[in-house]
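# What the coordinates show
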There are 2 protein chains.
Amino acid sequence: MAKSAVQRGRISKKVYEAQLPELREQLVQLQVQLKGAPFKLVLIVAGVAGAGRGDVLNALGEWLDPRGVETFSFHTPTDEERDRPLMWRYWRSLPANGRIGVFAGSWYTETLREQAKGKKELAQLDHELRRIRHFEKLLTDNGALVLKVWLHLSKENQRDRLRALESDPDKAWRVTDDDWDAHRQYDELAETARHIVRETDRPNAAWTVIDAADERARNLAVGQLIVRRLQSHFKRMQRRLATRPKLPLMPRSLAPSGLRRLRNTPLDQKLSEDDYERKREKWLGRLHRSIRSAQAARRSVVFVFEGWDAAGKGGAIRRLTSAIDVRFYRVVPIAKPTEEEISHHYLWRFWRHIPRDGYMTIFDRSWYGRVLVERLEGFARNDEWRRAYDEINDFEEQLTEHGTIVIKFWMHVSKEEQLRRFRAREGTAYKNHKINAEDWRNRRKWGAYEVAIGDMLALTNTSFAAWHVIPANNKRFARLQILKTACNAIEEALEK
Amino acid sequence: MAKSAVQRGRISKKVYEAQLPELREQLVQLQVQLKGAPFKLVLIVAGVAGAGRGDVLNALGEWLDPRGVETFSFHTPTDEERDRPLMWRYWRSLPANGRIGVFAGSWYTETLREQAKGKKELAQLDHELRRIRHFEKLLTDNGALVLKVWLHLSKENQRDRLRALESDPDKAWRVTDDDWDAHRQYDELAETARHIVRETDRPNAAWTVIDAADERARNLAVGQLIVRRLQSHFKRMQRRLATRPKLPLMPRSLAPSGLRRLRNTPLDQKLSEDDYERKREKWLGRLHRSIRSAQAARRSVVFVFEGWDAAGKGGAIRRLTSAIDVRFYRVVPIAKPTEEEISHHYLWRFWRHIPRDGYMTIFDRSWYGRVLVERLEGFARNDEWRRAYDEINDFEEQLTEHGTIVIKFWMHVSKEEQLRRFRAREGTAYKNHKINAEDWRNRRKWGAYEVAIGDMLALTNTSFAAWHVIPANNKRFARLQILKTACNAIEEALEK
């Protein structure tokens, strides 16, 4: 907090009105420029009671073109929100690139409110602040400009503001009991706020503390901050966009142990049809029971199906879902992102589909596209896909911390088996659509993919979300293996 | 139910497998064709316990390209869903044009389940069925193909199916207590189901009853139904798309009383600044209290702001929101629809923003664009905008029935006053962006807009959602009038 400049002084109405036109013109021009830019502005307006968060939002509403702005505020979480990790409600409120999201309080509000009531241990608070830091870093790494404004009032100023409002019979309604409660707790709240601001004040997402004693000075300070920071952000982004990634002919492995694991997976399993059908029903029954136990315990499950083209993901998913009541799961096939998805962080489209407690989502391909196809085709820059391993681990950690059971499969076939299946698909009219030029192109890059898959297996094989490599040359064996693995993973998670 | 063909007979595995390839090829080709089409396929799979809804969904999952299909099923509504009108949860699950939505049970599930338990009076059930009919009509009017499949089993077949499963130790888990409950209540459930099917069997969205006694025959029947109906739907849609709307030079008024109301609105009000400020604070205070009462009563509020360009909607909204805690309202500015919005029914983008109980949404422009700009610019065909009055009335009725308070303003200025404001905007740098060629174009169509506005005022001025025409030549007068009207409307609604 000490690091940021505190705005001081009073501004007369005359000076204010003389400065406004230029500020408003700048804001509007920047907004036009932002419209086509590959990033968003996330503005957080937090602060003490009586400092005028609502007034600032109203001023911004007047100055900015409302068609490019969304304003968000958060109240008690709904059950749909409580049934998912903490940050889910914020992910679903993020604006798209080219737009401005104004957040009243935002992810700081709940944190601050609860701490003030003494509900949380410091360790828990710091854990949440770590999540917030990570979330903001993820946004800024992705190009977003994150501006955080803390509206400050001294205890005396706060008292004077509240009293002045109360003494005017027409304005007294603006002061609530909550405001006076906050005033009485001023010192405790200020201490928590200092702690929160200090712990989340980072170069990529710094706090600006603005003195709210004078309303006009406060509004101008917020407006000018947006202008200044947007201008410099445009310059920074231009430099960044100028560097396009160069694709190496053959990617270099970051963690060779994964590649070894992949190559050492035996693929010559046998399983007769009779044997398969008998065992399948047994395991389906067991899986069905374990899923019902998970539901009874209000645990959700996320399945990730990754694998070579034609490895049999679709069939395996259908065998799996035949054990589940259709009301409790959702299969989400991941193809090329839509325009809307492209204008968000790549994890955004997956956060949207995180299941509620007691439900299941099955991803047919997933966020791992970031470190596979996006890495190999240059859709992600080097820094982007390299960063993704950490981002993904953190994402999955958030899920498992919330209680979600995360089960990840890599379905592995040999290059020869893939060729056989491609040809069979081409020869079957109703499977024709399952194979196209892109599949053949990917196949020619088999070696490159092996490296990327290996890195993925090594770098995202965590204690909370391990990779299961499924030998899939034999479809029956693979399907059964998936049923068993799913079953064991759920049972194990429930025992903890 | 009698009208629809019931499929009968058994199909051997050999015949099944001989017929499958052609069926699958047709399905996949139709799916490719659908991808670029301006409509969606909504497939509802409902039916009795043990008839194999899940199996049918799984078969479709195998036959169709999953990237173009979404599957939905509905369980107990969440609080976010209970806090909004009945149909909200279905609106938010609709697929976009070019895609297939498969609904397990869907809007029929809850209706059927509750009725079976005797919870609802017949009148209430029929009211819900009317809503469902309306919803499906709205979808099909908009081009959607709605296919409804009822999987039928006789009481004996049901018993045999459940017993056969139970006698196989590996499959016994598939049979739940709920299934046997449903079997015991077979006759009562069948009667309710017959009633529901009869009441919702309409030419635009007919039921097809499929005998599910033989699993293979059942699957083939569903697949063939999709092929047959999609093929004929493509033909019908081609004819429809061939007719483009012709725009008349001057639209003809459908309900002249609205135009008279508009033209007879006096616009010469005066209000001094002192007078305004004093009254404003008084009314803001009263509005604040009435909004808190609405929140305490868990009532939501929807504000609709429509008006001539430059009539002062933005300013009026900001005055209004200065009385509301920022956590409880959301301003939604409506501009040109996005690609995603265009691929849905025009009401879809508004349903998305319907507030939860206790919250407020303020629409800066709204669904009335359908009967204003879309009517006058030919973005909507004649049949589309003419139908819209009823669709909108029904939409608003659903809101108010749920308890939402709907308050609609038309902000009215004279043509001369608009000109004065346009020029002032052009002369002020930071207001320049608020005026463009389109505004001038609209202005040249003043007379045509008067007719469309008049029709809107007359045809959507309902007892549950009346229009308030606000004289807005004098900005202060208009803002105060809006505060007063909002206040009275909320207080009145709370007294009921």
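Counting restarts for each chain: residues are numbered from 1 in the order of the written sequence. For this description, chains carry letters from A and ligands carry numbers from 1, given in the order in which they are written. A pLDDT threshold of at least 70 governs which residues receive local features in this predicted model, and a stricter bar of 80 or more applies before side-chain atom pairs are shown or counted, although totals over entire chains, interfaces and linings include all residues.

This part is about the sheet that holds strand 9 (residues 405–412) of chain B. Residue and element names in this part refer to chain B. Strands qualify as paired when DSSP identifies two bridges or more between them. Note on conventions: DSSP H or I runs of at least 4 residues are helices, E runs of at least 2 residues are strands, and numbering of each starts at the N terminus. Strand order across the open sheet formed by five strands is 7-8-6-9-10, with parallel pairing between neighbours. Every interior strand has two partners, whereas the edge strands, strand 7 (329–333) and strand 10 (467–471), have only one. Averaged over all pairs of adjacent strands, the angle between strand axes in this sheet comes to 20 degrees, irrespective of strand direction. Across five bridges, strand 7 lies against strand 8 (residues 360–364) in parallel orientation. Bridge pairing in strand 8 places Pro333 opposite Asp364. Contacts between helix 21 (residues 475–495) and the sheet are confined to strand 6 (301–307), strand 9 and strand 10, with strand 9 contributing the most and set at about 160 degrees to the helix. Orientation is described by axes fitted as lines to C-alpha atoms, over the contacting stretch for helices, and by angles from 0 to 180 degrees between their N-to-C directions. Working definition of a contact: two residues with C-beta atoms, positioned from the backbone, lying within 7 Å.

The next subject is the interface of chain A and chain B. Each partner contributes residues to the interface: chain A has 46 residues there, and chain B has 46 residues. Breaking the side of chain A that touches chain B down by element, the ones donating at least two residues are helix 1 (13–35), helix 2 (53–63), strand 2 (69–73), helix 3 (79–82), helix 12 (273–296), helix 13 (313–321), strand 7 (329–333) and helix 14 (339–342) of chain A. Grouping the amino acids of the side of chain A that touches chain B by side-chain chemistry returns 14 nonpolar, 13 polar and 19 charged. Just so you know the grouping, Ala, Val, Leu, Ile, Met, Phe, Trp, Tyr, Cys and Pro go in nonpolar, Asp, Glu, Lys and Arg go in charged, and all remaining residues, Gly too, go in polar.

All names here are of chain A. Taken in spatial order, the five strands make up an open sheet running 7-8-6-9-10, and their pairing is parallel. A strand with exactly one partner marks an edge of an open sheet, and here the two such strands are strand 7 and strand 10 (467–471). The average undirected angle you get between the axes of adjacent strands in this sheet is 20 degrees. Pairing of strand 6 (residues 301–307) with strand 8 (residues 360–364) involves five bridges; the strand directions are parallel. Of the residues in strand 8, the one forming a bridge with Val304 is Phe363. Lying over the sheet, helix 21 (residues 475–495) contacts strand 6, strand 9 (405–412) and strand 10, oriented at roughly 160 degrees with respect to strand 9.

The next point concerns the confidence of the model for chain A. Residue and element names in this part refer to chain A. Confidence scores labelled pLDDT are given residue by residue by the predictor and lie between 0 and 100. On average, residues of chain A carry a pLDDT of 91, and 95% of them reach 70 or more. Note that pLDDT drops below 50 for residues 1–7; the model gives that stretch 17 contacts with residues more than four away or on any other chain. In the predicted complex, the global pTM is 0.87; the interface-specific ipTM is 0.81.

Residue and element names in this part refer to chain A. With their axes 9 Å apart at the nearest point, helix 12 and helix 21 run at an angle of 25 degrees to one another. Taken together, the axis directions place helix 12 and helix 21 in an arrangement best described as roughly parallel. Crossing angle aside, the handedness with which helix 12 passes helix 21 is left-handed. Only Arg476, Leu480, Leu483, Lys484, Ala486, Cys487, Ile490, Glu491 and Leu494 of helix 21 make contact with helix 12, whose side of the interface consists of Glu273, Tyr276, Lys279, Arg280, Trp283, Leu284, Arg286, Leu287, Ser290, Ile291, Ser293 and Ala294. Its residues placed into classes, the contact of helix 12 with helix 21 shows twelve nonpolar, two polar and seven charged. In these notes the angle categories are as follows: under 35 degrees is roughly parallel, over 145 is roughly antiparallel, 65 to 115 is roughly perpendicular, and the rest is oblique. Helix crossings are classified by the rotation of the near helix relative to the far one: an anticlockwise turn of less than a right angle makes the crossing left-handed, while a clockwise turn makes it right-handed.

Okay, the environment of Ile490(A) next. All names here are of chain A. Counting through the fold element by element, Ile490 comes out in helix 21. With C-beta atoms placed from the backbone, a residue is labelled by how many other C-beta atoms lie within 10 Å of its own: buried for 20 or more, exposed for 12 or fewer, partly exposed between the two. For Ile490, a count of 21 C-beta atoms within 10 Å puts it in the buried group. The sequence separation of Ile490 and Val301 amounts to 189 residues, and the corresponding C-alpha distance is 8.2 Å.

Residue and element names in this part refer to chain A. Each assigned domain of chain A is listed here: domain 1 (13–242) and domain 2 (256–495). For domain 1 versus domain 2, the separation of C-alpha centres amounts to 39 Å. With 17 residues of domain 1 at the interface, the matching set in domain 2 holds 16 residues. Counting residues per element, the ones that place at least two in the side of domain 1 that touches domain 2 are helix 4 (88–91) and helix 6 (122–141). For the side of domain 1 that touches domain 2, the element with the highest residue contribution is helix 6, accounting for four residues. Tallied by class, the residues present in the side of domain 1 that touches domain 2 amount to eight nonpolar, four polar and five charged. Domain ranges listed in this record stem from an automatic or a database domain assignment.

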